[in-house]
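Fold and geometry: a report
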Amino acid sequence: MIKEIKLHNKLLVNGETVDTLEYDTEEITVEHFAKAEGLKAQSLQKQSGTMMVSPVAETDYSMHLYLGFMAVIALAEQQKKSIDINDLKRIKGHDLKKIMEVGRNFMLNSEEDTTEEEDTEESTENTSESV
């Protein structure tokens, strides 16, 4: 589902100033996920000089941020547009938190959403069988 983030700080993307970003976590592929993981690792290595690993995906805020970036990039690719990761890396302030929340919600809610759909299908099947 395509959603939109209203930016507090305008952003220069492909030479144009934008105040909103569209994203869709359903467009994130294995390649996007792996790229987010690689970008996170690069960033951590630059900061500390060593490879640091977060053992718990639910609290891996850097990964959440990069997954949020990937949700924006994935939708742009699907729409035959392009957004460079370096443009997104210029996001600042409260807008960073909004992007991070996109990635966090992707990580935390995806399994719950699947379970709800399965439960709905099962209860429909059980209802039809019992009639």
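Residues numbered from 1 in each chain as written. Predicted model: local features only at pLDDT ≥ 70, side-chain atom pairs only at ≥ 80, totals over all residues. Heavy atoms only, no water.

Some words on the nonpolar core
Membership of the largest hydrophobic core comes to 27 residues, with the highest contact counts inside it found for Leu 11, Leu 21, Phe 69, Val 72, Leu 88, Ile 91 and Ile 99. The set of elements that each furnish at least two residues to this core consists of strand S1 (3-13), strand S2 (16-23), helix H1 (30-48), helix H2 (61-78), helix H3 (85-88) and helix H4 (94-130). Ranked by residue count, the leading element in this core is H2, at ten residues. Once residues lying within four places of it in the same chain are set aside, the contact partners of Leu 88 are Leu 11, Leu 21, Phe 69, Val 72, Ile 73 and Ile 83. (Core = buried A, V, L, I, M, F, W, Y, C linked by side-chain atoms within 4.5 Å. Buried < 20%, exposed > 50% of the residue type's maximum accessible area, 1.4 Å probe, protein only. Helix = DSSP H or I, 4+ residues; strand = E, 2+ residues; numbered from the N terminus. Contact = heavy atoms within 4.5 Å.)

Section: the packing of aromatic side chains
Overall, the coordinates contain one aromatic pair when judged by the stated rule. On the numbers, 5.7 Å between centres and 85° between planes, the contact of Tyr 66 with Phe 69 is edge-to-face. Of this pair, Tyr 66 and Phe 69 both sit in helix H2, separated by three residues, roughly a single helical turn. For Phe 69, a relative accessible area of 2% puts it in the buried group. (Phe/Tyr/Trp six-rings, centres within 6.5 Å; stacked < 30°, edge-to-face > 60°.)

As for the pairing of S2
Pairing of S1 with S2 involves seven bridges; the strand directions are antiparallel. Within the sheet, the bridge partner assigned to Glu 4 lies in S2 and is Glu 22. Between S1 and the antiparallel strand that follows it, S2, lie two residues; Asn 14 among them carries a positive phi value of about 50°. (Pairing = 2+ DSSP bridges.)

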